[in-house]
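Below are the chains, spelled out letter by letter.
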Amino acid sequence: MTYTMKQIANLNRDQCLKIAEVIGNLRPNPTFYEREYLTIKLKDEVKLRMNFFAVAICHQTYKLHHPLLDLWGWDFIEHVFIKMAQQNSSLLNPEKVSLLSTQQIAKELRRWFSYNENSNDCTLDRIEERSQLIKDASESLIAICGGQLTGLITDSKAYLIRDGKGLYEVLQKIEAYSDPQRKKSTFLIKLLIDSGLLEIGDPENFIPIMDYHMQRVLMRMGCLEISDPALYQILIARHPVTTDEPIRSLCIEAAKLIAIHSGHPLIRLNDFLWSLGRSCCNNTTLCKDHLCEKSPCTFNQIISLKSHQKCEFETACKGFEEDKYRKLWQPVINTHYY
């Protein structure tokens, strides 16, 4: 049985400001932006395609794991798409992909996402869905810009919104990037910025990247207050819901508020909150279990810290003090938006 959300949550502005103060005293680790995925030497078009297709299939990757390298989720995707780019994989060529069936694309994905190229050992799930997204994305690129992402960037003049030609506006025509809240679109744009491939002309139009890790963290911190007792029980029990609104929209408003008062650019806020939710505030919590979900900890990799024996947010987080907040889980929903 699923639960349909109504207006049952509220933004706690004072709590957002407390979290912003903590983030304002933190700094990203420069080495995170020097990793191979961002700095690899490739032609711009190849690098654009690598990012475009990697982000297109990056959603709900709970089970994705490379057991030998101990790579999970996005880290495994980065590893695979680096190899695809280096080996000139047909899956990065829109013209070639458009000629493949979804079954052929799925076969290739199974091979790439196995640690030993044996498709039986693939840990990427929802293969058919991801294959269809790749095929649709390729056909859409051909129709929109002749399959050349460099042309799409040029036509946008590096604007997110520009009379129908902005990156947000064009990407939304592609199924993989059709999320009204632009999560994948902004994630792609962030990667292009971090790679030195793009400098946006209208950063005021950024919509914060908002996935399940960030929703969980913002609720546990108390930046959102769940006012409906029935929904609270649904969330802590991790039962499915038919929509994650208004929680996701309120989380986006919370992120905007935190960014403004933290002094960090909105596009950078994801590095703080996503990494925290992925490692320090997941099934286990650093504040109470004294260990992180991932090893090495993603937050400790991305943020410069003198020590990581305790969570940086303990002084401000409601979840540290109150069990009712710490029990909260993100809305469980079936989506390819994030």
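Look up: the structure comes first, before these words.
This report concerns the structure included in the present document.

### A word on the overall build of the chain
In terms of regular secondary structure, the chain is built from 18 helices and 4 strands. Over its C-alpha atoms the chain spans a radius of gyration of 20 Å, differing by no more than 12% from the 20 Å that the globule rule assigns to 338 residues. Its C-alpha atoms give the chain principal-axis dimensions of roughly 55 × 45 × 45 Å. Sequence separation of at least 24 residues holds for 72% of the intrachain contacts in the chain that already meet a minimum separation of 6. Summed over all atoms, the accessible surface of the chain reaches about 14,800 Å², with 50% contributed by carbon and sulfur. In the chain, 41 side chains carry a positive charge and 41 a negative one; their mean positions are 1 Å apart.

### Thoughts on the packing of helix α3 (residues 44-56) against helix α7 (residues 127-145)
As a packed pair, α3 and α7 sit with axes 9 Å apart at the nearest point and diverge in direction by 140°. Relative to α7, the element α3 is oriented oblique. Remark: the crossing between α3 and α7 carries right-handed chirality. Mapping the contact onto sequence places Phe52, Phe53 and Ala56 in α3 and Leu133, Ile134, Ala137, Ser138 and Leu141 in α7.

### Thoughts on the layout of surface pockets
For the largest pocket, the calculated volume is near 1,000 Å³. As for the largest pocket, its lining consists of 47 residues, and the residues nearest its centre are Trp72, Trp74, Asp75, Trp274 and Arg278. Those elements giving two or more residues to the lining of the largest pocket turn out to be α2 (36-39), β3 (71-72), α4 (74-86), α10 (183-194), α11 (212-221), α14 (269-280) and α16 (298-302). Grouping the amino acids of the lining of the largest pocket by side-chain chemistry returns 18 nonpolar, 14 polar and 15 charged.

### Let's talk about a nonpolar patch on the surface
Judged by side-chain polarity, Leu68, Leu69 and Tyr115 come together as a nonpolar surface patch covering roughly 310 Å² of accessible area. Note on placement: leucine 69 falls in the loop between β2 (65-66) and β3.

### Brief notes about the nonpolar core
One finds Phe52, Phe81, Phe113 and Phe313 to be the most contacted residues of the largest nonpolar core, which totals 118 residues. Residue contributions to this core peak at 9 residues, all from helix α13 (residues 247-262). The contact partners of phenylalanine 113, leaving out residues within four places of it in the chain, are Ile57, Leu64, Phe76, Ile77, Val80, Phe81, Asp121, Cys122, Thr123 and Leu124.

### Some details on the state of the cysteines
A full pass over the atoms with the stated rule returns 0 disulfides. Free cysteine cysteine 280: the closest other cysteine sulfur is in cysteine 297, separated by 3.5 Å. We note that cysteine 292 lacks a disulfide partner, and the nearest cysteine sulfur, in cysteine 297, lies 3.7 Å from it. Looking at cysteine 292, the relative accessible area reads 18%, which means it is buried.

### Focus: empty space enclosed by the protein
Across all of its chains, the model carries 4 cavities of 30 Å³ or more by this definition. For the largest cavity, the lining is made up of 16 residues, of which Leu276, Cys281, Cys287, Cys311 and Cys317 are closest to its centre. The set of elements that each furnish at least two residues to the lining of the largest cavity consists of α11, α14, α15 (286-289) and α17 (318-321). Sort the elements by how many residues they give to the lining of the largest cavity and α11 lands first, with 3 residues. Partitioned by chemical class, the residues of the lining of the largest cavity number 11 nonpolar, 2 polar and 3 charged. Estimates place the volume of the second largest cavity at around 80 Å³. Taken together, Leu48, Phe52, Leu149, Leu152, Ile153, Leu167, Leu171, Leu188, Ile189 and Leu192 make up the full set of residues lining the second largest cavity. When residues of the lining of the second largest cavity are traced back to their parent elements, those giving at least two are α3, α8 (149-156), α9 (167-171) and α10. For the lining of the second largest cavity, the per-class residue count stands at 10 nonpolar, no polar and no charged.

Cut-offs used in this document
- Residues numbered from 1 in each chain as written.
- Predicted model: local features only at pLDDT ≥ 70, side-chain atom pairs only at ≥ 80, totals over all residues.
- Heavy atoms only, no water.
- Helix = DSSP H or I, 4+ residues; strand = E, 2+ residues; numbered from the N terminus.
- Rg over C-alpha atoms; globule rule 2.2 N^0.38 Å.
- Contact = heavy atoms within 4.5 Å.
- Areas by Shrake-Rupley, 256 points an atom, 1.4 Å probe, with all protein chains shown as cover.
- Lys, Arg positive; Asp, Glu negative; His and termini not counted.
- Charge placed at Lys NZ, Arg CZ, Asp CG, Glu CD.
- Axes fitted to C-alpha atoms, helices over the stretch in contact; angles between N-to-C directions.
- Parallel < 35°, antiparallel > 145°, perpendicular 65-115°, else oblique.
- Left-handed = near helix turned anticlockwise from the far one by under 90°.
- 1 Å grid on protein atoms, 1.4 Å probe; cavity = no way out; pocket = protein on both sides within 12 Å on 5 of 7 lines; lining within 4 Å.
- Points joined across faces, edges and corners; volume = space filled by probe spheres on them.
- Nonpolar A, V, L, I, M, F, W, Y, C, P; charged D, E, K, R; others polar.
- Patch = residues over 30% accessible without salt bridge, like charges linked within 9 Å, V, L, I, M, F, W, Y side chains within 5 Å.
- Salt bridge = Lys/Arg side-chain N within 4 Å of Asp/Glu carboxyl O.
- Core = buried A, V, L, I, M, F, W, Y, C linked by side-chain atoms within 4.5 Å.
- Buried < 20%, exposed > 50% of the residue type's maximum accessible area, 1.4 Å probe, protein only.
- Disulfide = S-S within 2.5 Å.

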